[in-house]
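Architecture and fold: a report
These are the residues of each chain, in order.
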Amino acid sequence: MKNTIRIGTRGSKLALYQAYRVKESLEQKFPEKQFEIVIVKTKGDKILDVPLSKIGDKGLFTKELEVAMFNNEIDMAVHSLKDLPTVFPEGTKLGAVLERGTINDALVSKNHLEISEFTSEHTVATSSLRRKAQLLKLNPNLNIVEIRGNVNTRIRKMEEGYCDAMIMAAAGLQRLEMDAYITEIIEPEVMIPACGQGAMAIEIKDNDPEIEKLVSAINHEETMITSSAERAFLNTLEGGCQIPVGSTCKIYGDQVKITGFVSSIDGSNFLKESASGPVENAKQIAIDLAKKLFAAGGKEILDSIRTENFPEQKVELPLQDKIIISTRPADASDDLPQLLQNAGSKVVSLPMIQIESANLSSDEIDKLKNLDQFNWVIFTSKNGVASFFKQLIEINGNTTLPASLKIAVVGEKTAAELDYYGYAPFFSGEKNTSENLLKELIGKYNPQAQNILLPIGNLADNSIQNRLSPANKVTRINIYSTVKPATADQKIMDLVTKNNYDLILITSPSTFNNFCYFYGTVNLSKLKIASIGTTTTSAIEAMGVAPLITAEKSNTGGLYQSIIEYYKRK
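Remember, predicted model here, so these are calculated numbers, not experimental data. Along each chain, numbering runs from 1 in the same order as the chain's sequence is written. The predicted nature of this model means local features are confined to residues of pLDDT at least 70 and side-chain atom pairs, given and counted, to a pLDDT of 80 or more, with totals for whole chains, interfaces and linings taken over all residues. By convention in this description, side-chain values take in all heavy atoms of the structure and omit both hydrogens and water.

Comments concerning the overall build of the protein
Comment: elements are numbered from the N terminus, with helices defined as DSSP H or I runs of at least four residues and strands as E runs of at least two. Along the protein, the regular secondary structure elements total 20 helices and 24 strands. With the radius of gyration taken over C-alpha atoms, the globule rule is written as 2.2 Å times the number of residues to the power 0.38. Taking 25 Å as the expected radius of gyration for a compact globule of 570 residues, we find that the protein reaches 26 Å, a close match to that expectation. The C-alpha extent of the protein, read off along each of the three principal axes, is 80 × 60 × 55 Å. Exposure classes here rest on a 1.4 Å probe applied to the protein chains alone. A residue is buried below 20% of its type maximum, exposed above 50%, and partly exposed in between. Relative to its 570 residues, the protein shows a buried fraction of 53%. Two residues qualify as a contact provided that any one of their heavy atoms is within 4.5 Å of a heavy atom in the partner residue. Taking contacts inside the protein between residues at least 6 apart in sequence as the whole, the part at least 24 apart equals 67%.

A short note on the packing of aromatic side chains
Under the pairing criterion, centres of Phe, Tyr and Trp rings, with the six-membered ring standing for Trp, must be within 6.5 Å; the plane angle then separates stacked pairs below 30 degrees from edge-to-face pairs above 60, leaving the rest tilted. Overall, the coordinates contain 12 aromatic pairs when judged by the stated rule. Aromatic pair Phe389 and Tyr421: ring centres 4.6 Å apart, planes at 10 degrees, arrangement stacked. With Phe389 in helix 13 (residues 382-396) and Tyr421 in the loop between helix 14 (411-420) and strand 19 (427-429), this pair connects stretches of sequence that are 32 residues apart. The same class applies to Phe389 and to Tyr421, which are both buried. Centroid distance Phe389 to Tyr423: 5.9 Å. Interplanar angle 10 degrees. Geometry classified as stacked. On the criterion of sequence distance, the pair formed by Phe389 in helix 13 and Tyr423 in the loop between helix 14 and strand 19 is long-range, its members being 34 residues apart. For the pair Phe389 and Tyr423, a shared accessibility class is recorded, and that class is buried. An aromatic cluster of three or more residues is present, and its members are Phe379, Phe388, Phe389, Tyr421 and Tyr423. Sitting over a ring, as applied to charges here, requires NZ of Lys or CZ of Arg to be within 6 Å of the ring centre and within 35 degrees of the ring normal. Against the face of Phe270 rests Lys137, its NZ or CZ located 4.9 Å from the ring centre.

With respect to the sheet that holds strand 2 (residues 34-39)
Taken in spatial order, the five strands line up as 2-1-3-10-4 in an open sheet, and their pairing is mixed. With partners counted over all chains shown, the strands left at the sheet margins are strand 2 and strand 4 (92-97), one partner each. Mean inter-strand twist for the sheet, computed between neighbouring axes without regard to direction, equals 30 degrees. The sheet contacts of helix 1 (residues 13-29) involve strand 1 (4-9), strand 2, strand 3 (76-80) and strand 10 (200-205), and relative to strand 2 the element is tilted by about 165 degrees. Think of it this way: DSSP has to see at least two bridges between two strands before they count as a pair. Lines fitted to C-alpha atoms define the axes here, with helix axes fitted over just the stretch in contact, and angles between the N-to-C directions of these axes take values from 0 to 180 degrees.

Description of the pattern of salt bridges
Should the charged atoms of two oppositely charged side chains come close, the side chains can pair. For this analysis, a salt bridge means a side-chain nitrogen from Lys or Arg found within 4 Å of a carboxyl oxygen belonging to Asp or Glu. In this structure the tally under the stated criterion is 13 salt bridges. The closest approach of N and O atoms between Asp75 and Arg6, which form a salt bridge, is 3.1 Å. Taken together, the residues Asp75 in the loop between helix 4 (63-70) and strand 3 and Arg6 in strand 1 connect sequence positions 69 residues apart. Residue class for Asp75 comes out buried when judged on its relative accessible area of 2%.

Brief notes about the environment of Gly533
Examined against the element boundaries, Gly533 turns out to sit in the loop between strand 23 (529-531) and helix 19 (534-541). It is 22 Å that separates the C-alpha atoms of Gly533 and Tyr519, two residues lying 14 residues apart in sequence. Discounting chain neighbours no more than four positions away, the residues touching Gly533 are Thr550, Ala551 and Ser554.

Thoughts on unusual backbone geometry
Phi at Asn72 is positive, roughly 60 degrees, even though this residue is not glycine. Among the secondary structure elements, Asn72 is positioned in the loop between helix 4 and strand 3. The class for Asn72 is partly exposed, based on a relative accessible area of 43%. Despite not being glycine, Ala449 shows a phi value in the positive range, around 55 degrees. Turning to its location among the elements, Ala449 is positioned in the loop between helix 15 (434-445) and strand 20 (451-457). Residue classification places Ala449 among the exposed positions, given a relative accessible area of 69%.

Here we look at the packing of helix 17 (residues 490-497) against helix 18 (residues 509-519)
Their axes nearest at 11 Å, the elements helix 17 and helix 18 cross at an angle of 90 degrees. On the basis of their axis angle, the class for helix 17 and helix 18 is roughly perpendicular. Along the contact surface, helix 17 presents Met493, Val496 and Thr497, while helix 18 presents Phe515, Phe518 and Tyr519. Under this grouping Gly is polar, as are all residues other than the nonpolar Ala, Val, Leu, Ile, Met, Phe, Trp, Tyr, Cys and Pro and the charged Asp, Glu, Lys and Arg. In terms of residue class, the contact of helix 17 with helix 18 is made up of five nonpolar, one polar and no charged. What sets the label is the angle itself: under 35 degrees gives roughly parallel, over 145 gives roughly antiparallel, 65 to 115 gives roughly perpendicular, and the rest give oblique.

Side note on the nonpolar core
The biggest cluster of nonpolar side chains holds 26 residues, and the ones touching the most others in it are Phe233, Val245, Val256, Ile258 and Val262. Those elements giving two or more residues to this core turn out to be helix 9 (221-236), strand 11 (245-252), strand 12 (255-263) and helix 10 (282-309). Dropping the residues within four chain positions of it, Val256 is found in contact with Cys249, Lys250, Ile251, Ala275, Ser276, Gly277, Pro278, Val279, Ala282 and Ile285. In plain words, nonpolar cores are sets of buried Ala, Val, Leu, Ile, Met, Phe, Trp, Tyr and Cys residues tied together by side-chain atoms within 4.5 Å.

By themselves, these are just geometric observations and shouldn't be taken as functional.
Next comes the structure, spelled out in C-alpha cells:
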C-alpha cells in the first residue's frame, strides 16, 4: 500500500487550483494518507505563439502527464476534462470527476459591453474555433482574433488595446477568483459550451486498483453521466476542441437532454439538434445525436475544416543529416532539440550542466513566506522563475504573489516561463542580458528606496545587486544551483574526438567550462561550436576557440535561426 500519493498537474495557476481541490477532497476521505502535488510541463504550455487550430490539440495539455504516470513519477493526473482526448492512451482511463462548476462561456469586455452590443467596429479575441463559429453566427461582421496565454496575460492584452473583448470559460475565471472581470455569463442557448467544460478530471492507470478505489470515493456521479455523454458526442464526430463542435447535457429527474452542434468556422453552415431520453441511455442518446448531425451535413463541414487547418505542406530540411550535440540540460520545456530535428538534423544529448533546487536557509524561507515586504522581484532566467515557484509551492502550498509586487524579467523565454505560472511581467527587458535589463529598467523607472528580491542561480554575478543596491535594498536568494554532471557519455565524447559531428551547442559559459573538464584542453581550437550569444562566445574565445556561429539574439530561437542561416550560406 502506498503511503504517499502523488498528484500530477500542470503548473499554471488554474491547474494548481484544480489539483489542490482534488488533494483536499482525497484528504477528507483518507486522512491517514499523504498526498503531494507534482508539477509536469506539457506541450501546450510551450507553444504560445501558434493558433491551437493549426497545431492540433489531442493530448496537447495531457501527454507529458500520462508519460509521468507510466514512468511511475505520479499516481494520477488532474486535468480540465475539456482538454482530455475522447480516447485515452492504452493503459489509462478516466478515474473520476469532481462536481462540475459553471459550464457556460463568459464574456470579458472593456466598457462592460455585452455580446448583443458588439458591431463590426469591435474586435473579439478567442483561441477556440467553437467560440469563433458561434460568434460569427451571431454577428458575421465581428473581427475575431487569436489570443493565447494565461488569464492575466489575456486581460492585460485587452486593456492595452489588442481587443475589445474576450470569450473564456466562466469556471476558470471563477476558480481564479476573477469573477469581477466577467461582463456576461453566456447562456448555452446563445453559445453551446465545449464538451466537458467546467469539469475537473482525474486520469489514472487502468491496472492500479488501489488508486482507482481512492479516486472513486470522490467521483461525482451526475457530472460523470453528463460529461461522458458530451464526450461520446464529440468522439462520434471524431473531433477535438479545435473544431467548431460543442454539446451540453442536463439531467431532469430520470431523463436526460443533450444539445449539440457542428459548424463551419465562419458560422454560415450551422447544424444544431437536441435529443432526450432515460438517464441510463445518456451515452447512446449522445452518439445517435452526433450521427444524425454527421449525416445531415456535418461530415462535409468537418472534412472542409481539417483540409483548411492541416493542408499538405512542402517540407524543407536545411539541416538534413547534420549531427548536432546539445550540451543543454535535459528539460521537457526545451523546444530547441525538436526545432533542430524538424529541420532534418539528428540531435544528440550531452548535458553539461544540471539544475538543482537550492536548500534555502530559514531566513530565505521566511522571506518567501512574506513576499509582501518586497516592491519588485527580478527574474533573469526561466530557471530562476521555475525554481522560485517550485520553492513557493513547497513553502506556501501555492503560487500566489502579492498584487502589489512588480515583476521584471530578462527576455522572452523568462517571460514565457512566468506566463506559465499565471503572471505577466510589469517590465520586460528587450534583450537577453542583465546589463540591458538594468539599463532599460533604470532608464524607465529609476527605482529608489525600493525593496527588491533577486531569485537567481548560484553562478550568476552580482552586477544587478551592485548596480541597484546604492539606492535600494536588494535581497539576493540563490534559488537554484547550476552544477557539473557526475559523468559524461563517453560514446558521445568519442563523436567529438573523431570529428563525427557537425555542431556542438554551447548555451552558457559554465556549460563550456564543464565540457572542457570532460573533454580536456587539447585540440579545443578544432571544436565546431554554435554559441547562444556574445557573453558565452567571450568565455569560449578566452579558451582559444572561435565559434562557427554566435546567435544574434541570445535565446534558443535566435540560436536556431543563426544555425539555419549558417547552413543556408554554406
